[in-house]
Amino acid sequence: MSTERIPLDDKALWRSFATGQPVAPVAVSDMDFAAWLEGNLPEAEAARIDAAVTADPALRQAALELADILGKPLPAAPARMAVRAQALVGFAAERPVRKGWLASLLPDFSQGLGFQRGALAATAVIVAAVGFMLGGGISKQYQEAIYASSQSSSSTAIRPLGSDTTGELTDLFSDAT
Amino acid sequence: MTELSQIDLRSLAAGHKRTWDAFVSAASPLINAVVRRSLSTYRLSEDDVMDAAQDVFVRLCANDFRLLKTYDPARAGLSTWLAVVARSAAVDFARRRRQATAPIDEVPEAALAVEDRHVEKLKIPDGLLTERQTLILKCLYDEERDVAEVAQLLKIDAQTVRSTHHKALLRLREHFKGEPP
């Protein structure tokens, strides 16, 4: 930043114009002051704020400080500052929005994290229940299919004991004789 | 982290918690800087700085976000407006705190000057200088700021500050030629 200063004789000339005669400060709204700081005001309106800032040392000090702060990168704020401020507004402060009857039947995901978690948990329960029911049905069908296949294969390859003993006994006695 | 310019102002003014939390995260560095700077002439503790910053946030959300609803994005950026609001709140906080606790003898002179709300009228005929010329001379001479600082304040080139200053002095010298002010 430049440290260029104005010659002292000019300063002395300027100082000789100060009378010390007090006048009432002009009220400047925060919005007007912010617009002036950004250079966004039309000339006539800017001139009114120029005059107020010229006349009021406190307003001038504020303007110079704010221009300096806004022109620099800012350091991080202490974490507890944000934590305290965030606690000022809770979910209860949210204003209900009037919805149509159809929209009111649907879940409102803008209602906050707690609501979202509840909705997700309910969805997970429903998915699990449907999955269980489907899984049970499939396994029953599977068991029936396995049983049916075992029945058919045993009838051709391995016969259970006692299923047809008449022929075997006839063979045994005929061999013996 | 969300930037101030990305904050949904309607959602914020409607009091949505998540928007408020994002706004606080984005605004905290600025409000912290402004409050510390504004209170630097007062001898206040770190807890006081925290309380003053909290005061700013309370102002913003009080009475159903009434102050926030006065912000007009068409006129100035949110950062600039917030900085102005934060400074006003911090100065008010310091005045209240001083009135409540500190004997007048212990208050630094610089801090007293902040409350000195009288303003001075110059012995210059109306219309001789423009308001902008007068402000530039005030900043350069009374505030003893350099040209770059004045240019930053007024969002103009340093060269414009120099030429405005030069023209103002010429007018003053011309007007008061042979006539001491």
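Residues numbered from 1 in each chain as written. Chains lettered and ligands numbered in written order. Predicted model: local features only at pLDDT ≥ 70, side-chain atom pairs only at ≥ 80, totals over all residues. Heavy atoms only, no water.

Engineer: Account for the overall build of chain A, with residues named and values stated.
Structural biologist: Looking only at helices and strands, chain A has eight helices and one strand in total. Buried positions account for 23% of the 177 residues belonging to chain A. Taking all contacts inside chain A whose residues are at least 6 apart in sequence as the whole, residues at least 24 apart take part in 26%. Approximately 12100 Å² of chain A is accessible, and the part contributed by carbon and sulfur atoms is 65%. (Helix = DSSP H or I, 4+ residues; strand = E, 2+ residues; numbered from the N terminus. Buried < 20%, exposed > 50% of the residue type's maximum accessible area, 1.4 Å probe, protein only. Contact = heavy atoms within 4.5 Å. Areas by Shrake-Rupley, 256 points an atom, 1.4 Å probe, with all protein chains shown as cover.)

Engineer: Summarise the overall build of chain B; cite the residues concerned and give the values.
Structural biologist: Scanning chain B from N- to C-terminus turns up eight helices and one strand. Listed by position from the N terminus, the elements making up chain B come as α-α-α-α-α-β-α-α-α. In chain B, once contacts between residues fewer than 6 apart in sequence are set aside, the share between residues at least 24 apart is 60%. Split by element, the accessible area of chain B, about 8800 Å² in all, is 49% carbon and sulfur.

Engineer: Hey, could you go over the environment of Trp14 of chain A for me, with residue numbers and the actual values?
Structural biologist: Structurally, the position occupied by Trp14 of chain A is in helix H1 (residues 8–15). Trp14 of chain A gets classed as buried once you look at its relative accessible area, which sits at 1%. Apart from residues lying up to four places away in sequence, Trp14 of chain A is in contact with Leu122, Ile124, Leu129, Thr134, Leu137, Lys138, Tyr141, Asp142 and Leu172 of chain B.

Engineer: Requested: an account of the packing of aromatic side chains, with residues and values cited.
Structural biologist: Residues and elements named next belong to chain B. By the definition in use, this model includes five aromatic pairs over all chains. Judged by centre distance (5.6 Å) and plane angle (40 degrees), the rings of Trp20 and Phe23 are tilted. Placement of the pair is Trp20 and Phe23 together in helix H2 (residues 17–38), with a separation of three residues, close to one helical turn. Centre to centre, the rings of Trp20 and Phe57 are 6.2 Å apart; their planes meet at 80 degrees, and the pair counts as edge-to-face. With Trp20 in helix H2 and Phe57 in helix H3 (residues 46–69), this residue pair connects regions lying 37 residues apart in the sequence. There is no split in this pair, since Trp20 and Phe57 are both buried. (Phe/Tyr/Trp six-rings, centres within 6.5 Å; stacked < 30°, edge-to-face > 60°.)

Engineer: Hey, could you go over the interface of chain A and chain B for me, with residue numbers and the actual values?
Structural biologist: A common way to report how large an interface is uses the accessible area buried once the components associate. The interface of chain A with chain B comprises 80 residues on the first partner and 83 residues on the second. Summing both partners gives a buried area of about 7500 Å² for chain A against chain B, and 60% of it is carried by carbon and sulfur. It is Trp14, Phe17 and Met31 of chain A that lose the most area in chain A upon contact with chain B, and together they represent 11% of the buried surface on that side. On inspection of chain A and its partner chain B, the count reaches nine salt bridges. Measuring nitrogen to oxygen at the nearest pair gives 2.9 Å for the salt bridge that ties Arg60 of chain A to Glu143 of chain B. (Buried area = accessible area lost by both parts, 1.4 Å probe. Salt bridge = Lys/Arg side-chain N within 4 Å of Asp/Glu carboxyl O.)

Honestly, it's all geometry; don't read function into it.
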